[in-house]
Amino acid sequence: MTRRGLMLASVLILLSGCATVPPPILAPSSAPLAELEPLYSATARGRELTIRVASNGCTTKADFAFYVERQGEAVTLAFGRKRVDPCRSLVAGHVDLSFSYEELGLKPRDPVFLLNPLVAWRGL
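(A) Just the state of the cysteines, in detail. Going through the model one piece at a time under the given rule, you end up with one disulfide. Between the sulfur atoms of cysteine 58 and its disulfide mate cysteine 87 the distance is 1.4 Å. Placement of the pair is cysteine 58 in the loop between strand 2 (48-55) and strand 3 (64-71) and cysteine 87 in the loop between strand 4 (74-81) and strand 5 (93-100), with a sequence separation of 29 residues. By relative accessible area, which is 30% here, cysteine 58 ends up partly exposed.

Structure below.
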């Protein structure tokens, strides 16, 4: 099972006790998000969302795709890496990437459910 499949299965299991109808699968296999990127952190400030992701030194915002789905007032958001960071670094690193709400197609007051898994930073 892939990380994406495991994450979606976990979400479905957690939500099964709260909903009478199971939620739809949010990122179909044909979508540009093959897997959800693990995040070290996610911070919403003002009119932007900043995510911290693993980097070998060459990771940029252009290396990521996002997927937004609206169902009524609920907004779900997922980030996936389009390209692997080709740099070779001896030390594990991370980079902060900021996305404006406008760029994500969100309103500043929209409550957003982020689907990516959060992982602990284990670097220096």
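Okay, back to it.
(B) Spotlight on the pattern of salt bridges. Counted under the stated rule, the structure contains five salt bridges. For the salt bridge of arginine 52 with aspartate 96, the shortest nitrogen-to-oxygen distance reads 2.7 Å. With a gap of 44 residues between them, arginine 52 in strand 2 and aspartate 96 in strand 5 connect regions that are remote in the sequence. Classification of aspartate 96 by relative accessible area gives partly exposed; the value is 39%.

(C) Inspection of the packing of aromatic side chains at higher detail. Applying the stated criterion to the full structure yields four aromatic pairs. When the ring of phenylalanine 79 is compared with that of phenylalanine 99, the centres are 5.0 Å apart and the planes differ by 45°; the resulting orientation is tilted. Within this pair, whereas phenylalanine 79 is found in strand 4, its partner phenylalanine 99 is found in strand 5, the two being separated by 20 residues in sequence. Like phenylalanine 99, phenylalanine 79 is buried. Taken together, the ring pairs connect Phe66, Phe79 and Phe99 into an aromatic cluster.

About the cut-offs
- Residues numbered from 1 in each chain as written.
- Predicted model: local features only at pLDDT ≥ 70, side-chain atom pairs only at ≥ 80, totals over all residues.
- Heavy atoms only, no water.
- Disulfide = S-S within 2.5 Å.
- Helix = DSSP H or I, 4+ residues; strand = E, 2+ residues; numbered from the N terminus.
- Buried < 20%, exposed > 50% of the residue type's maximum accessible area, 1.4 Å probe, protein only.
- Salt bridge = Lys/Arg side-chain N within 4 Å of Asp/Glu carboxyl O.
- Phe/Tyr/Trp six-rings, centres within 6.5 Å; stacked < 30°, edge-to-face > 60°.

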